[in-house]
Amino acid sequence: ASTTAGATTTAGTAATADVAILRTASSIEELAVAAYQTAIDSGLVTTMAIADAAKLFQSQHKEHSGLFQSLTTKAGGEAYTMPNAVILEAIQPTIDALQDEMGVVALALELENVAAQTYQSNVATFMDPSLNAAIMSVGGVEARHAAALAGVLEQAQVPAAFQVVDKAVKAARK
């Protein structure tokens, strides 16, 4: 009987961890949606190709958030629909100081890198292995967004042979 109880507790804890990661991912995606809207509305984005990319990336972030919210509900959790408050607080001074289009692109690059690294850092931590493919289906797109934005800034689009995770956001686990 204790083995069954232990397995249930472990499974419940692991499922809770899955939900925490998915809710964190949703919050990052919601922040990206809001950040791109701020950029679009700012008047600072004046190049049509950059404006088009911002709109495309924003629409993809909306889809990503929807996926993570759906997976959260499927895993038994409550979908998270708000921007990540911790990251928003950290980047608010940068947002407030934006003065030109390249500043907007640099901020977008930072957010895309945070998202890509966060998703990569969570691979192989899920109780439900199907979530590994789901999170990296989004993480790969975020890395492509980052590469495109780095190109606009005339930075290396693939700066290293291996992806780092030093900007990854850790999910708050209860």
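Thresholds applied
Residues numbered from 1 in each chain as written. Predicted model: local features only at pLDDT ≥ 70, side-chain atom pairs only at ≥ 80, totals over all residues. Heavy atoms only, no water. Salt bridge = Lys/Arg side-chain N within 4 Å of Asp/Glu carboxyl O. Helix = DSSP H or I, 4+ residues; strand = E, 2+ residues; numbered from the N terminus. Buried < 20%, exposed > 50% of the residue type's maximum accessible area, 1.4 Å probe, protein only. Core = buried A, V, L, I, M, F, W, Y, C linked by side-chain atoms within 4.5 Å. 1 Å grid on protein atoms, 1.4 Å probe; cavity = no way out; pocket = protein on both sides within 12 Å on 5 of 7 lines; lining within 4 Å. Points joined across faces, edges and corners; volume = space filled by probe spheres on them. Nonpolar A, V, L, I, M, F, W, Y, C, P; charged D, E, K, R; others polar. Lys, Arg positive; Asp, Glu negative; His and termini not counted. Axes fitted to C-alpha atoms, helices over the stretch in contact; angles between N-to-C directions. Parallel < 35°, antiparallel > 145°, perpendicular 65-115°, else oblique. Left-handed = near helix turned anticlockwise from the far one by under 90°. Contact = heavy atoms within 4.5 Å.

Engineer: How would you summarise the pattern of salt bridges if you had to cite specific residues and measurements?
Structural biologist: All told, the structure shown has one salt bridge when counted by the stated rule. Linking E110 and K167 is a salt bridge whose minimum nitrogen-to-oxygen distance equals 3.2 Å. Placement of the pair is E110 in helix α4 (residues 101–121) and K167 in the segment after α5 (130–152), with a sequence separation of 57 residues. For E110, a relative accessible area of 32% translates into the label partly exposed.

Engineer: Go over unusual backbone geometry with me, naming the residues and quoting the values.
Structural biologist: Glycine aside, a negative phi is what most residues show, and trans is what most peptide bonds show. In this structure, A124 is a non-glycine residue whose phi angle is positive, near 75°. Tracing the backbone through its elements, the reader meets A124 in the loop between α4 and α5. Positive phi, close to 60°, is recorded for E154, a residue that is not glycine. Position of E154 relative to the elements: it lies in the segment after α5. Judged by its relative accessible area of 75%, E154 falls in the exposed class.

Engineer: Can you break down the nonpolar core residue by residue, with the values?
Structural biologist: F68, I87, I91 and Y119 are the most contacted members of the largest nonpolar core, which has 24 residues in total. Taken together, the elements giving at least two residues each to this core come down to α1 (2–42), α2 (48–74), α3 (85–97), α4 and α5. Tallying contributions element by element places α1 first for this core, with seven residues. One finds Y36, I50, V105 and L149 within the second-largest nonpolar core, a separate group that totals 15 residues.

Engineer: Which residues make up empty space enclosed by the protein, and what values do they have?
Structural biologist: Left-over empty space is what a probe sized like a water molecule reveals as it rolls over the atoms. Scanning all chains against the criterion turns up one cavity of 30 Å³ or more. There is about 170 Å³ of room inside the largest cavity. For the largest cavity, the lining is made up of 17 residues, of which Y36, A39, V104, V105 and A108 are closest to its centre. Grouping the constituent residues of the lining of the largest cavity by class yields 16 nonpolar, one polar and no charged.

Engineer: Explain the side chain of E142 residue by residue, including any values.
Structural biologist: Here E142 shows up in helix α5. Lacking a salt bridge, the buried E142 has R144 as its closest oppositely charged neighbour, with an N-O distance of 8.7 Å.

Engineer: Tell me about the packing of α2 against α5, and please be specific about residues and values.
Structural biologist: Viewed as axis vectors pointing N to C, α2 and α5 meet at an angle of 165°, and their least axial separation amounts to 11 Å. In terms of orientation, α2 lies roughly antiparallel with respect to α5. Crossing hand, α2 versus α5: left-handed. Counting all contacts with α2, which are made through I50, F57, Q60, H61, H64, L67, F68 and L71, the residues of α5 involved are L131, A134, I135, S137, V138, V141, E142, H145, A148, L149 and V152. By residue class, the composition of the contact of α2 with α5 is 13 nonpolar, five polar and one charged.

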